[in-house]
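Residues per chain, in single letters:
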Amino acid sequence: MSTSGFEARPSANPLDAALRNEILANPGFGRYFTDHMVHVRWTKATGWQRGELKPYGPLMIDPASPVLHYGQEIFEGIKAYRHADGSVWTFRPEKNAARFRASARRLALPELDDETFLGSLKTLVAQDAEWVPTPKNDAEECSLYLRPFMIGNGKSLGVKPAAEVDYYLIASPAASYFKGGGKPVSIWLSQHYNRAAPGGTGAAKCGGNYAASLLAQAEAEAHGCDQVAFLDAAENKWIEELGGMNLFFVYRDGRLVTPALTGTILEGVTRDSILELARDEGLTPEERPISIDEWRDGVASGEIVEVFACGTAAVITQIGQLVTEEDRIVTPEAGAEAVSGKLRKRLLDIQYGRAEDSRGWLMQLA
Ligand code: COI
């Protein structure tokens, strides 16, 4: 069932404009949140109810709820971009809406219809439009990061799907995900922990996958790395993805290779967009299994010339080196003229309205 419109209960105390502008000048990632949020409730008896826009604030969660005990939770990541004329747009939101429905199915949560999902983005961003940062130049990557999520709520310690569910949307002004801005990052190869197994929840965007990555991420940081890369759980041989980003390999002969979607990898919206844009750049995209040995040997022989991570939060970030327990696989630094630099610029130019949106990927929010 689709909900029509959202009841508006705006905050009586929005943050002072001077303080907001101070935050927008240096937002970091995920540290500050806007004045409002959206909430839609579902119960087994009523289905989805009419949603509301209300002040940002703590949630009412039953101490016996499925989200707290069994991790029944899903989320999305999507950005709102300010264009030069002041308007605000988002990128391929219908892909996030569809993935959110797919994640809901996998986690035995009710599917939220696309109209309500997209409507929630419009409602929150229209209300908190002043929180969308304005980039100072074409190189600056700032946006309002939108985080839709759904939790199993209600009093129920039995291991079964929640009979009361809440959908929320919150928003956070964001700069680069990585502290080094656009600089190449270093990656730690997790050789003892896997992120997802066949038949598991790897393709769903659920909190549990990210919880499972945290210890390996801590190991990465202990080794001086920015992020962790996971191998497949069956053979510990095939490259899957990073803690929260997909991976791409650029070959000297113009092939652009990314691990195939096997059910254990998240179907990234940025990943899909890069595969489409690659052909415009004269590249040959390939989705197939790629092993850790191919990464190591390809870099050593010079066949692999660039490696990069991609995601909504990370956009496109070059990987300078992969650190393993045995060795370091160092890809030479690639300049802005490199493939990853060109793809990054193409993507950002579309998102910020600096290039024609010939594929109809943008949706106006405010
Ligand atoms: C995103 O890129 O939006 C993600 O969800 C990755 C991470 C920040 C959780």
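Basis of the calculations
- Residues numbered from 1 in each chain as written.
- Predicted model: local features only at pLDDT ≥ 70, side-chain atom pairs only at ≥ 80, totals over all residues.
- Heavy atoms only, no water.
- Helix = DSSP H or I, 4+ residues; strand = E, 2+ residues; numbered from the N terminus.
- Rg over C-alpha atoms; globule rule 2.2 N^0.38 Å.
- Contact = heavy atoms within 4.5 Å.
- Areas by Shrake-Rupley, 256 points an atom, 1.4 Å probe, with all protein chains shown as cover.
- Lys, Arg positive; Asp, Glu negative; His and termini not counted.
- Charge placed at Lys NZ, Arg CZ, Asp CG, Glu CD.
- Near = heavy atom within 4 Å.
- Polar contact = N/O pair within 3.5 Å; in protein donor to acceptor, adjacent residues only side chain to side chain.
- Nonpolar A, V, L, I, M, F, W, Y, C, P; charged D, E, K, R; others polar.
- Domains from an automatic or database assignment.
- Salt bridge = Lys/Arg side-chain N within 4 Å of Asp/Glu carboxyl O.
- Buried < 20%, exposed > 50% of the residue type's maximum accessible area, 1.4 Å probe, protein only.
- Buried area = accessible area lost by both parts, 1.4 Å probe.
- Patch = residues over 30% accessible without salt bridge, like charges linked within 9 Å, V, L, I, M, F, W, Y side chains within 5 Å.
- Phe/Tyr/Trp six-rings, centres within 6.5 Å; stacked < 30°, edge-to-face > 60°.
- Expected span 1.5 Å × (residues − 1).
- Axes fitted to C-alpha atoms, helices over the stretch in contact; angles between N-to-C directions.
- Parallel < 35°, antiparallel > 145°, perpendicular 65-115°, else oblique.
- Left-handed = near helix turned anticlockwise from the far one by under 90°.

Trainee: Could you clarify how one ought to interpret the overall build of the chain in this entry?
Mentor: When you go through the chain residue by residue, the secondary structure sums to eight helices and 19 strands. What you see for the chain is a C-alpha radius of gyration of 21 Å, in line with the 21 Å of a compact globule of 366 residues. Taken along the three principal axes of its C-alpha coordinates, the chain extends 60 × 50 × 35 Å. When contacts within the chain are restricted to residue pairs at least 6 apart in sequence, long-range pairs at least 24 apart make up 72% of them. Total accessible area on the chain is roughly 15,700 Å²; 52% of this is exposed by carbon and sulfur atoms. Once the 38 positive and 49 negative side-chain charges of the chain are each reduced to a mean point, those two points are 3 Å apart.

Trainee: Please explain the site of the ligand as it appears in this structure.
Mentor: Close contacts around the ligand come from Phe 75, Gly 77, Tyr 145, Arg 147, Tyr 177, Lys 205, Tyr 210, Gly 244, Thr 312 and Ala 313, and that covers them all. A distance of 2.6 Å separates an oxygen atom of the ligand from a polar atom in the side chain of Tyr 145. Across the complex, the protein chains shield 89% of the 280 Å² of accessible surface that the ligand would expose by itself. Residue classes in the shell around the ligand are distributed as five nonpolar, three polar and two charged. For the shell around the ligand, the domains that each give at least three residues are domain 1 (2-174) and domain 2 (185-351).

Trainee: I tried to follow the pattern of salt bridges on my own but got confused; where do I start?
Mentor: Pairing between side chains becomes possible if they bear opposite charge and their charged atoms approach one another. By the definition in use, this model includes 29 salt bridges. The residue Arg 9 makes a salt bridge to Glu 52 at a minimum N-O spacing of 3.3 Å. With Arg 9 in the loop between strand 1 (6-8) and helix 1 (17-25) and Glu 52 in strand 4 (residues 51-55), the pair connects residues that are 43 residues apart, well separated along the chain. Judged by its relative accessible area of 39%, Arg 9 is partly exposed. Residue class for Glu 52 comes out buried when judged on its relative accessible area of 17%. With a closest N to O distance of 2.8 Å, Glu 286 and Arg 288 form a salt bridge. A network of salt bridges, in which partner residues are shared, links Arg 92, Lys 95, Asp 272, Glu 276, Asp 280, Glu 281, Arg 346 and Arg 359.

Trainee: How should the domain arrangement of the chain be read in this particular structure?
Mentor: A common way to state how big an interface is: give the accessible area lost once the parts meet. Under the domain assignment, the chain is made up of domain 1 (2-174) and domain 2 (185-351). Distance from the C-alpha centre of domain 1 to the C-alpha centre of domain 2: 27 Å. Contacts between the two partners involve 20 residues from domain 1, matched on the other side by 23 residues from domain 2. Interface area for domain 1 against domain 2, summed over the two sides, is near 1,900 Å², with a carbon-plus-sulfur share of 55%. If you look at where domain 1 meets domain 2, you find four salt bridges.

Trainee: Is there a simple way to think about a nonpolar patch on the surface in this case?
Mentor: On the surface, Leu 59, Ile 61 and Leu 68 cluster together into a nonpolar patch covering about 230 Å² of accessible area. Residue placement: Leu 59 occurs in the loop between strand 4 and helix 2 (66-70).

Trainee: Just checking my understanding: could you explain the packing of aromatic side chains for this structure?
Mentor: What characterises a pair of aromatic rings is the spacing of the ring centres plus the angle enclosed by the ring planes. Applying the stated criterion to the full structure yields 13 aromatic pairs. A ring pair is formed by Tyr 81 and Tyr 352, whose centres lie 5.1 Å apart and whose planes are at 75 degrees; its orientation type is edge-to-face. A residue pair is termed long-range when its members are at least 10 positions apart, and Tyr 81 in strand 6 (residues 78-82) and Tyr 352 in the loop between helix 8 (339-351) and strand 19 (362-364) qualify at 271 residues. Assessed through its relative accessible area of 5%, Tyr 81 is described here as buried. Residue class for Tyr 352 comes out buried when judged on its relative accessible area of 3%. Ring geometry for Phe 100 versus Phe 117: centroids 5.4 Å apart, planes at 45 degrees, classification tilted. With Phe 100 in helix 3 (residues 93-106) and Phe 117 in helix 4 (residues 114-127), this pair connects stretches of sequence that are 17 residues apart. Grouping residues by exposure puts Phe 100 and Phe 117 together as buried.

Trainee: Sorry if this is basic, but what is going on with unusual backbone geometry here?
Mentor: Backbone phi values are negative for most residues with the exception of glycine, while trans is the configuration of most peptide bonds. At Arg 92, a position not held by glycine, the phi torsion is positive, near 50 degrees. Position of Arg 92 among the secondary structure elements: in the loop between strand 7 (88-91) and helix 3. Despite not being glycine, Asn 236 has its phi angle at roughly 50 degrees, a positive value. Following the sequence through the fold, Asn 236 ends up in the loop between strand 11 (227-231) and strand 12 (239-242).

Trainee: Got a minute to help me understand helix 6 (residues 269-280) in this structure?
Mentor: Helical geometry note: an α-helix holds 3.6 residues per turn, so side chains three or four residues apart project in the same direction. Between the first and last C-alpha of helix 6 there are 18 Å, a value that for twelve residues agrees with the 16 Å anticipated at 1.5 Å per step. Within the sequence span of helix 6, burial applies to Val 269, Thr 270, Arg 271, Ser 273, Ile 274, Leu 275, Leu 277 and Ala 278. One or two residues past the end of helix 6 sits Gly 282, with phi positive at roughly 75 degrees.

Trainee: Explain the packing of helix 6 against helix 8 here, please?
Mentor: Helices that pack against each other are described as a pair by the angle of their axes relative to one another and the distance between those axes. Relative orientation of the contacting elements helix 6 and helix 8 amounts to 110 degrees, with a least axis distance of 10 Å. For the element pair helix 6 / helix 8, the angle class is roughly perpendicular. In this structure, the crossing between helix 6 and helix 8 has a hand that is right-handed. Each of Thr 270, Ser 273, Ile 274, Leu 277, Ala 278 and Asp 280 in helix 6 lies in contact with helix 8, whose residues at this interface are Leu 343, Arg 346, Leu 347 and Ile 350. Taken together, the residues of the contact of helix 6 with helix 8 sort by class into six nonpolar, two polar and two charged.

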